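Residues per chain are reported as follows:
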Amino acid sequence: MVKLIHTLADHGDDVNCCAFSSSLLATCSLDKTIRLYSLSDFTELPHSPLKFHTYAVHCCCFSPSGHVLASCSTDGTTVLWNTQNGETLAVMEQPTGSPVRVCQFSPDSTCLVSGAADGTVVLWNAQSYKLYRCGSVKDGSLVACAFSPNGNFFVTGSSCGDITVWDDKMRCLHSEKAHDLGITCCDFSSQPVSDGEQGLQFFRLASCGQDCQIKIWVVSFTHILARNTDDQVKQFIEDWSEDDVSMWLCAQGLNDLVDIFKINNIDGRELFNLTKESLVDDLKIESLGLRSKVLRKIEELRTKVKALSSGIPDEFLCPITRELMKDPVIASDGYSYEKEAMENWISKKKRTSPMTNLILPSMVLTPNRTLKMAISRWLETHQK
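Note that the structure is predicted; figures quoted are calculated from it, not measured. (Residues numbered from 1 in each chain as written. Predicted model: local features only at pLDDT ≥ 70, side-chain atom pairs only at ≥ 80, totals over all residues. Heavy atoms only, no water.)

> Even after reading the chapter, I still don't get the confidence of the model for the chain, so can you show me in this structure?
Where the model shows low pLDDT, its predicted coordinates should not be examined in detail. Mean pLDDT over the chain works out to 85, with 89% of the residues at or above the 70 mark. Segment residues 222-235 is flagged for pLDDT under 50; beyond a separation of four residues in sequence, or across chains, it makes 23 contacts in the model. (pLDDT = per-residue confidence, 0-100. Contact = heavy atoms within 4.5 Å.)

> What is the right way to look at the packing of aromatic side chains in this model?
Within a pair of aromatic rings, the relevant descriptors are the distance that separates the centres and the angle that separates the planes. Tallied over the full model, the rule gives 3 aromatic pairs. Between Phe147 and Phe154, the aromatic rings sit 5.4 Å apart at their centres with planes inclined by 45°, giving tilted as the arrangement. The class for Phe154 is buried, based on a relative accessible area of 1%. Judged by centre distance (6.2 Å) and plane angle (75°), the rings of Phe316 and Trp378 are edge-to-face. Here the residue Phe316 occupies a position in the loop between helix H7 (288-309) and strand S21 (328-330), and Trp378 occupies one in helix H9 (residues 369-382), the gap between them amounting to 62 residues. The same class applies to Phe316 as to Trp378, namely buried. (Phe/Tyr/Trp six-rings, centres within 6.5 Å; stacked < 30°, edge-to-face > 60°. Buried < 20%, exposed > 50% of the residue type's maximum accessible area, 1.4 Å probe, protein only. Helix = DSSP H or I, 4+ residues; strand = E, 2+ residues; numbered from the N terminus.)

> Sorry, what's going on with the sheet that holds strand S6 (residues 68-73) here?
Strands in a sheet are paired, the pairing made by backbone hydrogen bonds, and the direction either parallel or antiparallel. With antiparallel pairing, 4 strands are arranged side by side in an open sheet as S5-S6-S7-S8. For this open sheet the edge positions go to strand S5 (57-62) and strand S8 (88-93), each flanked by a neighbour on one side alone. For this sheet, the mean angle separating the axes of adjacent strands, direction not counted, is 15°. Sheet topology places S5 next to S6; 5 bridges connect them, and they run antiparallel. Its bridge partner lying in S6, Val57 is registered against Ser73. (Pairing = 2+ DSSP bridges. Axes fitted to C-alpha atoms, helices over the stretch in contact; angles between N-to-C directions.)

> Is there a simple way to explain the side chain of Ser48 in this structure?
Of note, Ser48 is situated in the loop between strand S3 (33-38) and strand S4 (50-51). Taking the relative accessible area as the measure of exposure, Ser48 reaches 11% and is therefore buried. From its side chain, Ser48 meets the backbone nitrogen of Leu36 in a polar contact 3.0 Å long. Discounting chain neighbours no more than four positions away, the residues touching Ser48 are Ile34, Arg35 and Leu36. (Polar contact = N/O pair within 3.5 Å; in protein donor to acceptor, adjacent residues only side chain to side chain.)

> Please explain the layout of surface pockets as it appears in this structure.
The probe, sized like a water molecule, is rolled over the atoms to show the empty space still left. Approximately 570 Å³ is the volume found for the second largest pocket. The wall of the second largest pocket is formed by 29 residues, among which Cys60, Cys61, Cys103, Gln104 and Cys145 lie closest to the centre. Those elements that provide at least two residues to the lining of the second largest pocket are strand S1 (15-20), S5, strand S9 (100-105), strand S13 (142-147) and strand S17 (183-188). Within the lining of the second largest pocket, the residues separate by chemical class into 21 nonpolar, 6 polar and 2 charged. (1 Å grid on protein atoms, 1.4 Å probe; cavity = no way out; pocket = protein on both sides within 12 Å on 5 of 7 lines; lining within 4 Å. Points joined across faces, edges and corners; volume = space filled by probe spheres on them. Nonpolar A, V, L, I, M, F, W, Y, C, P; charged D, E, K, R; others polar.)

> Help me understand the UniProt feature "repeat: WD" (unreviewed entry) in the chain, please; the structure alone is not making it clear to me.
When the UniProt feature table is mapped to this numbering, "repeat: WD" (unreviewed entry) covers residues 50-91, 100-134 and 146-167. Overall, residues 100-134 shows 0% helix and 66% strand. The separation of its end C-alpha atoms is 14 Å. Spanning residues 146-167, this segment combines 0% helix with 64% strand, and its end C-alpha atoms are found 12 Å apart. (UniProt positions renumbered as here; feature names shortened; annotations may be inferred.)

> Looking at this model, I keep getting lost on the sheet that holds strand S23 (residues 366-367). Mind explaining?
The sheet built from 3 strands is open, its strands ordered S22-S21-S23 with antiparallel pairing. Sheet topology places strand S22 (336-338) and S23 at the edges, where each strand pairs with a single neighbour. In this sheet, S22 lies alongside S21 in antiparallel orientation, the contact comprising 3 bridges. By the bridge assignment for S22, Val329 is matched with Tyr337. Running over the sheet, helix H8 (residues 339-347) touches S21 and S22 and is turned about 90° from S22.

> Teacher, can you tell me more about the pairing of S8 here?
Regular strands place their side chains on alternate faces of the sheet. Pairing of strand S7 (residues 77-82) with S8 involves 5 bridges; the strand directions are antiparallel. Paired with Val79 across the strands is Val91, a residue of S8. Between S7 and the antiparallel strand that follows it, S8, lie 5 residues; Gly86 among them carries a positive phi value of about 80°.

> Just checking my understanding: could you explain the pairing of S13 for this structure?
Among the 6 residues that make up S13, 5 are buried, leaving the element largely enclosed by the rest of the structure. Sheet analysis places S13 next to strand S14 (residues 153-158), joined by 5 bridges and oriented antiparallel. Residue pairing for S14: Ala144 is matched across the bridge by Gly157. Adjacent in sequence and paired antiparallel, S13 and S14 are bridged by 5 residues, among which Gly151 carries a positive phi angle near 80°.

> Help me understand the state of the cysteines, please; the structure alone is not making it clear to me.
The final tally for this structure, using the stated rule, is 0 disulfides. Distance from the sulfur of Cys60, which forms no disulfide, to the nearest cysteine sulfur (Cys28) is 3.9 Å. We note that Cys72 lacks a disulfide partner, and the nearest cysteine sulfur, in Cys103, lies 3.8 Å from it. (Disulfide = S-S within 2.5 Å.)

Rendered as structure tokens:
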């Protein structure tokens, strides 16, 4: 039996999303607002509607406890709200300023993922409201996201039809074309299944697309964990597929080389073995500048592998890129960042701190020579 029990008509434009907690219903709309209703009688709460966003609100979701609501918007922000009084807890700006299409809490409420129209995906610390790590997909807008029930992994889906699996350190574990005309949503089953022989656990994942198809996947998190521990980072990169290498090239600004690498079947193992000679003789890369940049980026990757496998101190990582800093600078918020990353942040007309989201008193960046020396000493010790 299906019976309509109530109709809500308070929004002034299309309603994009709705979400339930144990006691509330949240809705968000093109009219820039989020509304909260009591499930007992569907009356709107006194502090509703919630107003902050300056453009359409695309998605809203409750934390597992129901005490916090997240909303994301075309204005490039993800906002956290206190559901009990409607107060704004935090405003988290997408690093690129791109419209945010989807947001999702981890099962333990410690993290929040936001995905944007330019393909950037950010993992936020939902307690400190600080950016933890950031990544991106090579094509399309991010329109779907789901956490695994154990919270160690999450999946994103793009408007180009790609489905991507990420771990809790924002490393891309797997990516492939799932739907020809774009993904519309995805979700994990809450119950694991076993293979019955080796005792491995799998989770079922469903993805839906504009190709009129629903696809069911099984993901072995035990296998991914085994090959992705920090003391096996090098092995993990050597296991990169050709598509993984292509994504890495794009992330390094080497998009022009993607086709050349694919034609020559360069996977992770081949990538680590590339030399100046092989770039000229085998890949026929004529530009000296391109060859030099490729070799430099591969060496940076090797350095990162050694650093990760040695347990790199968190204070040596740039808060924006979450990578080992080479030229750290101190911003006016008192935090240290990689110089290039912070200059890019400021050049996007962002006058707020990446760590606090407060207005920066000054745009001056001061070299942090003490930190740079500490990183150099640490690298000398751990590269022997």
